[in-house]
Amino acid sequence: ASLISGLSVPDSIHISEQHPASDLLISRLAGVMPKDDVIYITTKQKYMLNKLECTNEKLRSCNQLSAAQYEKAAQNFKYYTRLLVEMRRDVDTAFKRIHSIKGKLAATYPAIYERTIREVQTDYIHPDEEDLSGTQHVETAHAHSSKEGTTKTYIIQDDDISEVK
């Protein structure tokens, strides 16, 4: 029985484990094609098979390296996520404490607290606020040193800080 019409091959060659289909095809093409062409084709196929095996090995190595880098990145991501959550919790706690202290100060010293709040609001112009007058943003800050008993005044003007003497 012939796979390719017009080829005469002995019936003794059949597909089996000892004679795979590739051997059968080569033996049948050997009668049709010159032997040098068949050798050339098989050589090229072996060369391409070798290249594909090398490429597969490189891809396997690349996948292993990528998996290791991904694992490191995933661990770092988890660590920094936990760190950010913890920091957020700490900041929330700090703001709650500040709010509590402000409430206590407002209850204990209401007049002084209100006056201080008004002073802070009039002294400070937020940098994001639009200044329609075209003037520069100026902030003043007062620092009091209890050790020396002195007060220093600073002017903050467009990210420049200077001490008033």
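Values in this document were obtained by computation on a predicted structure and should not be read as measured data.

**Student:** Break down the overall build of the chain for me, citing the residues and quoting the values.
**Tutor:** For the chain, the count of helices and strands is 3 helices and 3 strands. Listed by position from the N terminus, the elements making up the chain come as α-α-α-β-β-β. Within the span of the chain, comprising 165 residues, buried residues form 4% of the whole. Of the contacts made within the chain by residues no fewer than 6 positions apart, 9% connect residues no fewer than 24 positions apart. Here the chain displays about 14,800 Å² of accessible surface, and carbon together with sulfur accounts for 58% of that area.

**Student:** Go over the packing of aromatic side chains with me, naming the residues and quoting the values.
**Tutor:** All told, the structure shown has 1 aromatic pair when counted by the stated rule. Measuring from ring centre to ring centre gives 5.0 Å for Tyr79 and Tyr80, while their planes differ by 75°; the resulting arrangement is edge-to-face. Here Tyr79 falls in the partly exposed class, since its relative accessible area comes to 45%. Directly above the aromatic system of Tyr47 lies the positively charged group of Lys44, at a separation of 6.0 Å from the ring centroid.

**Student:** Before we move on, can you summarise a nonpolar patch on the surface with the specific residues and values?
**Tutor:** A grouping of Tyr79, Tyr80, Leu83, Leu84 and Met87 is seen on the molecular surface, where their side chains present a nonpolar patch of about 520 Å² in accessible area. With respect to the helices, strands and loops of the structure, Leu83 is situated in helix 2 (residues 35–108).

**Student:** I'd love a proper account of the pattern of salt bridges, names of residues and values included.
**Tutor:** In this structure the tally under the stated criterion is 2 salt bridges. Close ionic contact of Glu57 with Arg60 constitutes a salt bridge, the shortest N to O distance being 2.7 Å. One end of the pair, Glu57, and the other, Arg60, are both in helix 2, 3 residues apart, so they sit about a helical turn from each other. Glu57 gets classed as partly exposed once you look at its relative accessible area, which sits at 44%. With a shortest N-O distance of 3.3 Å, Asp92 and Arg88 are connected by a salt bridge. Here Asp92 pairs with Arg88, and both are found in helix 2, just 4 residues apart, close to one helical turn.

**Student:** Before we move on, could you go through the confidence of the model for the chain and cite the residues and values that matter?
**Tutor:** Summing up the model confidence of the chain, the mean pLDDT is 77 and the portion of residues at 70 or higher is 61%. Ranking the helices and strands of the chain by mean pLDDT puts helix 2 first, with 95, and strand 1 (residues 138–145) last, with 48. Throughout residues 1–9 the model reports pLDDT below 50, and contacts reaching past four residues in sequence, or to other chains, amount to 12 contacts. Across residues 141–146, where pLDDT falls below 50, the model places 13 contacts with residues more than four positions away in sequence or in other chains.

Thresholds applied
- Residues numbered from 1 in each chain as written.
- Predicted model: local features only at pLDDT ≥ 70, side-chain atom pairs only at ≥ 80, totals over all residues.
- Heavy atoms only, no water.
- Helix = DSSP H or I, 4+ residues; strand = E, 2+ residues; numbered from the N terminus.
- Buried < 20%, exposed > 50% of the residue type's maximum accessible area, 1.4 Å probe, protein only.
- Contact = heavy atoms within 4.5 Å.
- Areas by Shrake-Rupley, 256 points an atom, 1.4 Å probe, with all protein chains shown as cover.
- Phe/Tyr/Trp six-rings, centres within 6.5 Å; stacked < 30°, edge-to-face > 60°.
- Lys NZ or Arg CZ within 6 Å of the ring centre and 35° of its normal.
- Patch = residues over 30% accessible without salt bridge, like charges linked within 9 Å, V, L, I, M, F, W, Y side chains within 5 Å.
- Salt bridge = Lys/Arg side-chain N within 4 Å of Asp/Glu carboxyl O.
- pLDDT = per-residue confidence, 0-100.

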